[in-house]
Amino acid sequence: MSEARSIPVTYKSPTYDVCVVGIEATIDIHRTVPSGADSFDVRGTSSLDVVVVYNSKTLNKPQKGEKWPLNELVKVVVSPTKASTSLNDSKVKVDYYGSQGKQLLGSSLLYLTNVAVSLDVDVFRSGTVMRGIRKKDTWSWGRGGKGAILLVNCDRDLSQNSLPDNEDAGLPNASDIKDMSPMILTAEGPDEIFDDYKVILKISSSDANRLQVYQKRRYQYANVLGKSKLSYVVNRDNLDEIPFYVEGLEFPDKDFSGLVYIDLVFQKNSDGSKIFSEKVVFRVAPWIMTPNTQKPLEVFVCNVQTNTEFLKQLSDFVEKARCPLKMVTYSENQGDRWIQDEMEFGYTEAPHKRFPVVLDSPRNRGLKDFPISEVLGPDFGYVTREPDDIATVTTLDSFGNLEVSPPVVVQGKNYPLGRILIGDGLSRNNFRMNKVLRDFLHAQQVQAPVYLYSTWLFVAHIDEFMSFVPALNKKGFRLLLASPQACLELFKQKQREGHGKAVMFEGLKTKKYTIDEILSDKDLKQSSESCQENIDLNRKIMKKELGLSEEDIIDIPTLYTADSNQESAESFFPNMVNMLVLGKHLGIPKPFGPIISGTCCLEEKVRSLLEPLGLRCTFIDDFATYHQHLGEVHCGTNVIRKPFSYNWWESTI
């Protein structure tokens, strides 16, 4: 907001100037006054608010018929209430008196042309641009917060292009404009005044690569700000209101808080003197992850030509959940079955629009082109973060190592969009998700990340020991944790019941084990104890960082084998925690546990834990197609989920 201008007047000749509607200007009545003047009176026409400002503690307001003293502490402030319809149609008259207000010595006349100049955006996040709001240069979080929001225009509305719109040098079309935030410039007043004064829009060089501004011309939308364009002298074309469209180019990141600014300057042509200026702020909307507990909208799986039976079972399961299934063809996946690792679905949202956005991992295997070539499209955005040195990419940069919790409250602090969970070495080694990814995830702010210990696993992904499922409890979910201890206790119970000879992996082309053999295997027991300690560490972290109690956690029987150093652990049988969650339907890796009375005791145990919650368990055979390749159902699938109904900008950060 501009500081109040001072307009000097003189009794010797009329003064002509320009004022902005709603903006106060001080009239300098003291610079040139008639000799002997000791008081004054002031009046203005109906389009002006004219106020005498004084200190009531040192000066009494004049009574009727009295004049104001010519005291330096007495000021005259004028503020236009509406725009002029012709030049100089508003007037302020200052009469100077001597002999204690009894003798008129002279008068100053100030002729004003009033203009309404403002740059308006959706300050109140209602989806509508509100007019005439001042102080638009600050952004605040929470309900009742203020400040406009900008989407990163990262979808692809021009089908002939291969890049997201924010990376495409071409001009936008009508569909593209709908992704942008509206901004309205008001420049109302007599057309002639804009021959002598101009309106300029400006951005900083640091924001030039973070936003672009477009103005509609007859046949296209012209780029007027952004990239190399730091200022724009507005082509008013005798219009009182001029719409602009603003697009974000970058998501928040390590060196970018998400705030961008556009300045409006109204200045005189002849000498460049500034009459008025104001600044508007936008916050670029974050990329937001969706947890397992959100409604599924579409499931993805890869056809790798050797998983035909798995695809059939998965199709039947997905049909039960009434969810569409997208089969990624071999030509699209190049034999890469791990679609969970390649990408993470999320979304971005502003009051005027919301659309899904896929985050592409830097792992760059067979599926490396799929997110941008097949997922990116109209109203489906794309973003990626890759390190400068691709050789630094590790298994921790795959997105089986990236999850998000449902909404939680932790020690009174609300996380209405949940918290991102990332597998890590937790200072036990230097093995971490790549810094460019971690910086990006932290910079989104609304899902403050939590680090879990995952490098004890060979693949080192957190989906190998945890998952969330919906539940009809106060929190709305349960955390499932893999538990070697629970598995061994179950097998000991079955052994006591006389089922020690029951065989695991019955019907599979692999080595078979009885319950007795498993319980007598010292290496397996030692691995289980070590892995349980690692899972218990994660249990402790999540209880603290997600505000969980023991009642919120369900232990799922699992066994791991590890090397001689008790590292590089792998699932001994298909890991049931690594499941596909589609609402109340759970697609669980079939464990091929010991068969007792015609039933797999592991399946029976899991059903007893989950089905009382209203969940429906479907066990899917992924043994040869995924488990023996060190992954499971969750690793081989991916899901677009419904965004949160909660508005991220109402969060308290």
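Being a predicted model, the structure only gives us computed values, none of them experimental.

Enquirer: Tell me about the overall build of the protein chain, and please be specific about residues and values.
Expert: When helices and strands are counted, the protein chain shows 11 helices and 42 strands. Whereas a compact globule of 653 residues would reach a radius of gyration of roughly 26 Å, the protein chain reaches 34 Å, over 25% beyond that. Overall size of the protein chain, expressed as C-alpha extent along the three principal axes, is 120 × 55 × 40 Å. For the protein chain, buried positions account for 57% of its 653 residues. Taking contacts inside the protein chain between residues at least 6 apart in sequence as the whole, the part at least 24 apart equals 72%. In the form shown here, the protein chain has an accessible surface area of approximately 28,100 Å², with 46% of it arising from carbon and sulfur atoms. When the 77 basic and 85 acidic side-chain charges of the protein chain are each reduced to a single mean position, those positions are 6 Å apart.

Enquirer: An account of the sheet that holds strand 23 (residues 353-360) is needed here, citing residue identities and associated values.
Expert: On the basis of which strands lie adjacent, the open sheet formed by four strands has the order 19-22-23-24 and mixed pairing. The strands lining the two open edges of the sheet, one partner per strand, are strand 19 (288-289) and strand 24 (381-384).

Enquirer: Tell me about helix 10 (residues 522-545), and please be specific about residues and values.
Expert: Between the first and last C-alpha of helix 10 there are 35 Å, a value that for 24 residues agrees with the 34 Å anticipated at 1.5 Å per step. The complete set of buried residues in helix 10 reads Leu524, Ser527, Ser528, Ser530, Cys531, Gln532, Asn534, Ile535, Asn538, Arg539, Ile541 and Met542. Its side-chain oxygen at 3.1 Å from the backbone nitrogen of Asp523, Asp521 defines the N-terminal cap of helix 10. Gly547 sits one or two positions beyond helix 10 and adopts a positive phi of about 65 degrees.

Enquirer: Quick one: what's the story with helix 8 (residues 484-496), residue by residue and with numbers?
Expert: Its 13 residues give helix 8 an end-to-end C-alpha distance of 18 Å, which sits within 8% of 18 Å, the value for a rise of 1.5 Å per residue. Those residues of helix 8 that sit buried are Pro484, Ala486, Cys487, Leu488, Leu490, Phe491 and Lys494. Just past helix 8, the residue Gly498 takes up positive phi, approximately 90 degrees.

Enquirer: Account for the sheet that holds strand 28 (residues 420-424), naming residues and giving values.
Expert: Pairing in this open sheet of three strands is mixed, and the strands run 25-28-29 from one edge to the other. Looking at the sheet topology across the chains shown, the edges are occupied by strand 25 (402-404) and strand 29 (450-453). Recorded for the sheet is a direction-independent mean angle of 35 degrees between the axes of neighbouring strands. Sheet analysis places strand 28 next to strand 29, joined by four bridges and oriented parallel. Residue pairing across strands places Gly423 opposite Leu452, the latter belonging to strand 29. Its contacts with the sheet put helix 10 on strand 28 and strand 29, and the angle it makes with strand 29 is roughly 165 degrees.

Enquirer: A description of the nonpolar core should follow, citing residues and the corresponding values.
Expert: Ranked by internal contacts, the top residues of the largest apolar core, which has 72 residues, are Met183, Phe244, Ile262, Phe266 and Phe282. Looking at this core element by element, the count peaks at six residues for strand 18 (residues 274-284). When near neighbours in sequence (up to four residues on either side) are disregarded, Phe266 contacts Val18, Val20, Val115, Val117, Phe194, Tyr197, Lys198, Val199, Ser273, Lys274, Ile275 and Phe276. Counting residues in hydrophobic clusters, the runner-up holds 63 residues, among them Val450, Ala502, Tyr560 and Val577.

Enquirer: An account of the packing of aromatic side chains is needed here, citing residue identities and associated values.
Expert: Tallied over the full model, the rule gives 25 aromatic pairs. On the basis of an interplanar angle of 80 degrees and a centroid distance of 5.5 Å, the ring pair of Trp648 and Trp649 is categorised as edge-to-face. What makes Trp649 buried here is its relative accessible area of 6%. Counting every residue linked through ring pairs, the aromatic cluster contains Phe505, Tyr513, Phe572, Phe592 and Phe623. One cation-aromatic arrangement involves Lys590 over Phe592; the distance from NZ or CZ to the ring centre is 5.6 Å.

Enquirer: Before we move on, can you summarise the packing of helix 8 against helix 11 (residues 601-610) with the specific residues and values?
Expert: The interhelical angle for the contact between helix 8 and helix 11, taken along N-to-C directions, is 115 degrees, at an axis separation of 11 Å. Of the two possible hands of crossing, helix 8 and helix 11 adopt the one that is right-handed. Between helix 8, through Cys487, Leu490, Phe491 and Lys494, and helix 11, the contact on the second element is made entirely by Cys601, Leu602, Glu604 and Lys605. Looking at the contact of helix 8 with helix 11, its residues break down into five nonpolar, no polar and three charged.

Enquirer: Which residues make up unusual backbone geometry, and what values go with them?
Expert: Non-glycine residue Phe505 carries a positive phi angle of around 70 degrees. Despite not being glycine, Phe592 shows a phi value in the positive range, around 55 degrees. Position of Phe592 relative to the elements: it lies in the loop between strand 38 (585-589) and strand 39 (595-596).

Enquirer: Explain the side chain of Asp122 residue by residue, including any values.
Expert: Mapped onto the secondary structure, Asp122 falls in the loop between strand 9 (103-120) and strand 10 (148-150). Of the side chains with opposite charge, Arg125 comes closest to the buried, unpaired Asp122, at an N-O distance of 7.5 Å. Among the polar contacts listed, one links the side chain of Asp122 to the backbone nitrogen of Arg125, at a separation of 3.0 Å. If we skip the residues at most four places from it in the chain, Asp122 touches Gly127, Thr128, Val129, Gly147, Ala148 and Pro351.

Enquirer: Let's hear about the pairing of strand 29: which residues, and what values?
Expert: Alternating residues of strand 29 divide into Val450 and Leu452 and Tyr451 and Tyr453, and every residue in both groups is buried. Handedness of the β-α-β unit built from strand 28, helix 7 (residues 435-443) and strand 29 comes out right-handed.

Enquirer: Explain the environment of Asp179 to me, using residue names and the numbers behind them.
Expert: By the secondary structure assignment, Asp179 is in the loop between helix 1 (174-177) and strand 11 (181-188). Classification of Asp179 as buried rests on a relative accessible area of 0%. Between the alpha carbons of Asp179 and Ile200 there is a distance of 25 Å; along the sequence they are 21 residues apart.

What counts, and where the lines are drawn
Residues numbered from 1 in each chain as written. Predicted model: local features only at pLDDT ≥ 70, side-chain atom pairs only at ≥ 80, totals over all residues. Heavy atoms only, no water. Helix = DSSP H or I, 4+ residues; strand = E, 2+ residues; numbered from the N terminus. Rg over C-alpha atoms; globule rule 2.2 N^0.38 Å. Buried < 20%, exposed > 50% of the residue type's maximum accessible area, 1.4 Å probe, protein only. Contact = heavy atoms within 4.5 Å. Areas by Shrake-Rupley, 256 points an atom, 1.4 Å probe, with all protein chains shown as cover. Lys, Arg positive; Asp, Glu negative; His and termini not counted. Charge placed at Lys NZ, Arg CZ, Asp CG, Glu CD. Pairing = 2+ DSSP bridges. Expected span 1.5 Å × (residues − 1). Polar contact = N/O pair within 3.5 Å; in protein donor to acceptor, adjacent residues only side chain to side chain. Axes fitted to C-alpha atoms, helices over the stretch in contact; angles between N-to-C directions. Core = buried A, V, L, I, M, F, W, Y, C linked by side-chain atoms within 4.5 Å. Phe/Tyr/Trp six-rings, centres within 6.5 Å; stacked < 30°, edge-to-face > 60°. Lys NZ or Arg CZ within 6 Å of the ring centre and 35° of its normal. Left-handed = near helix turned anticlockwise from the far one by under 90°. Nonpolar A, V, L, I, M, F, W, Y, C, P; charged D, E, K, R; others polar. Salt bridge = Lys/Arg side-chain N within 4 Å of Asp/Glu carboxyl O. Right-handed = clockwise from strand over helix to strand, strands pointing away.

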